[in-house]
Amino acid sequence: MRLKDNANIASYTLALGLLWSACLAAIIAWTITAEKHTTLSLATTEARAYFNKDQAMRLWATRHGRIYVPITEDSPPSPYMAHIPDRDITTPSGIDLTLINPASIIRELGEDFGDLYGVTGKITSLKPLSAANSPDEWETKALRRLAGGEKEVFELATIDGKEYLRLMQPLMVSPGCLLCHAGQNFELNKPGGGIGIALPMKQLRAQEKAAIYSKVPILLLLWILGIASLAVGARIISRQLSVKRQMLQELQRNEKRKSAIVNTALDAIVTIDTEDRILEFNPAAEKIFGYSRSQVMGKKMAELIVPESLRQQHYEGLQRHLGTGRKTILGTRIETTAVRADGSEFPVELTITRVDQEGSPLFTAYIRDITMTRQMAQQLMHQASHDYLTNLLNRHSFEQSLQSLLGGMSKDSQHCLMYMDLDRFKLINDSCGHAAGDELLRQLAVLLGNNIDEDDFLGRLGGDEFGLVVKNRSPETALQIGQKLLEDIQSFRFYWEDKIFSLGMSIGLVHITDAGQSITDLLRLADAACYRAKEEGRNRIIVTSQFEGEILQQRHGEMDWITHIESAFEQQRFVLYQQSIHRLQADDSTEVAAMEILLRMLDAEGKLITPDRFIPPAERYNLMSVIDRWVLRNTFRWLVTHADDKHIPPLTTINLSGASVVDPLFLDFVLEQLQQTGVPPNSICLEITETVAITNLSRARRFITELHDAGCLFALDDFGSGMSSYGYLKDLPVDFLKIDGQFIQGMDKDPISLAMVRSINEIGKLMGKQTIAEHVENRESLTLLQEIGVDCVQGYFLGRPAPLDDLATDRN
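Being a predicted model, the structure only gives us computed values, none of them experimental.

About the cut-offs
Residues numbered from 1 in each chain as written. Predicted model: local features only at pLDDT ≥ 70, side-chain atom pairs only at ≥ 80, totals over all residues. Heavy atoms only, no water. Pairing = 2+ DSSP bridges. Helix = DSSP H or I, 4+ residues; strand = E, 2+ residues; numbered from the N terminus. Axes fitted to C-alpha atoms, helices over the stretch in contact; angles between N-to-C directions. Salt bridge = Lys/Arg side-chain N within 4 Å of Asp/Glu carboxyl O. Buried < 20%, exposed > 50% of the residue type's maximum accessible area, 1.4 Å probe, protein only. Contact = heavy atoms within 4.5 Å. Patch = residues over 30% accessible without salt bridge, like charges linked within 9 Å, V, L, I, M, F, W, Y side chains within 5 Å. Areas by Shrake-Rupley, 256 points an atom, 1.4 Å probe, with all protein chains shown as cover. Core = buried A, V, L, I, M, F, W, Y, C linked by side-chain atoms within 4.5 Å. Phe/Tyr/Trp six-rings, centres within 6.5 Å; stacked < 30°, edge-to-face > 60°.

A. Representation of the sheet that holds strand 3 (residues 96-99). Taken together, three strands build an open sheet; the order of strands is 1-3-2 and the sheet is antiparallel. A single partner strand is all that each edge strand has here, and the edge strands are strand 1 (68-70) and strand 2 (88-90). Within the sheet, the average angular offset between the axes of one strand and its neighbour, ignoring direction, is 35°. Here strand 2 pairs with strand 3 via three bridges, running antiparallel. Across the sheet, aspartate 88 pairs through a bridge with threonine 98, a residue of strand 3.

Shown next as structure tokens:
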């Protein structure tokens, strides 16, 4: 069978190949013929063009009647025109002229200027006036044909072994012609001769050959591609036939395996007819449903394995499909319920397929028992939403439940949120280990769960923190519940090995009144109230509203800092630090040119506190002018004390806050300190940030101008961080620009930061300002700044901040 198919394919392929070859051969022949016809057409057109040119010359000459040329050796008087009066004339100036006819003109043009004039025609006649115009054999035949009435004669001919296209059209006798041919009996408007054109075909034949040679290879390539396509097609068809045979063989094998698959499948396979009678019931179905195959064959499936509540729906679906062809669940995987022989119902996954057999549809149900899958899914969902240790809701599920509660609130809804934090839990964890802490949390989860209603929800928010939402209860009732929880916690005792622990709990309670409140805000308020409960002695409950909670959070840390600042003044725990500023040298070295005064605070234990912690609350509570005065006064005193130390940098920079710049009294204070201490004004550079200067432009300008006039220098700090830096720079009489450190830190890796630094430096130089780069932290940045031309640099790479007193100590 396979050999026969291959032979048939080979025969068909050979026939198609021959047909394709014949078609391509015909196309090649047609192409060659077309090119030859094109060549002849081009040659004819070109010959006619030359004829028309000569005809135009002849008509022009005959219209003018007489054309004279000077008598020379090349143009002697024509003996053939001796009969013409005035053949030869002399001009008044003495020039001898002789008459020349059109035939001579055209002949001389061809002989003398043929390379420019192109192909020239030959005027000839059966009765030529001059022997030079006598026709050759071909011309004689053509003239006779023209005399017989033909309008044009042309054909390919050979002259001296070369191919020419010869063309001749008649010359009609006009009155101007009779001047020379008066005695030859020519009739007006009758052919008197002809103009013959001999066009060389060599170049046109070369073009024809090139065109043929350019097209024939393409056609040959098409022939090869066609033959190759036929071969490939034959190969593909042969393979398809082979695959088809293999599929038929495989189908036969599949039929043999079908019964084995059905019998060994883990899923139940049940086949029914249009009457719902069971035709197939595999061993897995026997195991799942508890029936033997012999018990169910031929009986209605719905009566055996479909629950009674779903039978009517099953019958209606079957009849609807048979009546309308609608595929409601056909081919779709669904989950439903089945019933066993003992009457117990269980979840199954069901897929139904239809096969038409001999015009009658059969339906096969593939049924999988998903009892274990459901149980595992429920277990995974529970694990995803509950804390593994306490089995309470985890934080994510707690927040989702709270969000759902907010989404379903009405105007009359009353709910409360409690944030609960165990007291002294860390003591148990540290003294007895994490196992003890875990066990304590498990016991507390049970204790808390026993004190809430079914509608309430409780969750572990993290560590020893719990959240409780009391639903549909007033704040008073929720407070009573909270008090009850505190009492139960107080009376609870935790036993671990030979130790007994008592516990407490701090609770923050928030009344949920608005569905528009966010979960984050509610938890934040409850957490703040819980924190306040701890501050007030622990083991208590604090109730807060939204407004009170915000105040708690805002003041929670800031009020403490105000106390710390005030005590730092009283106990002299503010310390002056300095960081050196270096001037870049031409030889890539640096020298210390100035120092910036920095402020630090010591806590009660003598640990250093950086300004980012105490400056924000000081700004909020209007303490910055006080701090600036302290810094300025103590810096001046230190400079006076160490005035004789030649190692102290010549310039000292001091940062000022916005509050001091806009304070009229602070200006007088600076001038007073300069006068009292005698510190040279030109040794002091006051730094204000770009933002402060721009925000308070008029006051800043007055402050800077007056102190600048007194001799102080000024630096604009963090320059480049604002949106209008360049626009305001020309209005401020500052001496230095301190380029914002965010550009310096990334300039060795970020081309945009590098461009910003370069731009600020160039603008500063154009305005006569010196530039200082802050936050120089590596050699690469320093090298780039030297290349850019920045004047001074400052940063950890050159020197970290150090106590001001250490500067004098190190120098000594």
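There is more to say after this.
B. Spatial organisation of the pattern of salt bridges. Counting across every chain of the model gives 37 salt bridges. For the salt bridge of glutamate 35 with lysine 215, the shortest nitrogen-to-oxygen distance reads 2.6 Å. Remark: lysine 215 occurs in helix 4 (residues 202-264) and glutamate 35 occurs in helix 1 (residues 2-64); sequence separation between them is 180 residues. Residue classification places glutamate 35 among the buried positions, given a relative accessible area of 12%.

C. Here's a closer look at the pairing of strand 13 (residues 415-423). Strand 13 sits mainly inside the fold: nine of its nine residues count as buried. Side chains of strand 13 alternate between two faces, with His415, Leu417, Tyr419, Asp421 and Asp423 and Cys416, Met418, Met420 and Leu422 buried alike. Relative to strand 18 (residues 504-512), strand 13 runs antiparallel, the two being bridged by nine bridges. Considered in strand 18, the bridge of cysteine 416 is made with histidine 511. Across six bridges, strand 13 lies against strand 15 (residues 465-470) in antiparallel orientation. Residue tyrosine 419 lies in a different strand from strand 15, and its bridge partner there is glycine 467.

D. Geometry of the environment of isoleucine 704. Position of isoleucine 704 among the secondary structure elements: in helix 21 (residues 697-709). The buried category is assigned to isoleucine 704, whose relative accessible area is 0%. Taking the C-alpha atoms as reference points, isoleucine 704 and aspartate 514, separated by 190 residues in sequence, lie 52 Å from one another. Ignoring anything within four residues of it in the chain, the contact list for isoleucine 704 reads Ile688, Phe714, Leu732, Pro733 and Val734.

E. Examining a nonpolar patch on the surface more closely. Side chains of Ile218, Leu221, Leu222, Trp223, Ile224 and Leu225 sit close together on the surface and give an oily, nonpolar patch of about 550 Å² of accessible area. Relative to the helices and strands, tryptophan 223 resides in helix 4. Tryptophan 223 gets classed as partly exposed once you look at its relative accessible area, which sits at 31%.

F. Structural detail: the nonpolar core. If you look at the biggest cluster of nonpolar residues, it comprises 69 residues, and the most contacted ones within it are Phe614, Leu686 and Leu785. Those residues within four positions of phenylalanine 614 in sequence are excluded, and the remaining contacts are Trp561, Ile565, Phe574, Leu599, Arg600, Met601 and Ile609. Of all hydrophobic cores here, the second largest spans 34 residues; its members include Met420, Leu441, Ile452 and Ile541.

G. Geometry of the packing of aromatic side chains. Counted under the stated rule, the structure contains eleven aromatic pairs. Taking 6.4 Å as the distance between ring centres and 45° as the angle between the ring planes, the aromatic pair formed by phenylalanine 281 and phenylalanine 289 counts as tilted. Each member of the pair, phenylalanine 281 together with phenylalanine 289, is buried. Taking the centre distance of 6.1 Å and the plane angle of 80° together, the rings of phenylalanine 703 and phenylalanine 714 count as edge-to-face. One end of the pair, phenylalanine 703, is in helix 21; the other, phenylalanine 714, is in strand 25 (residues 713-719), and eleven residues separate them in sequence.

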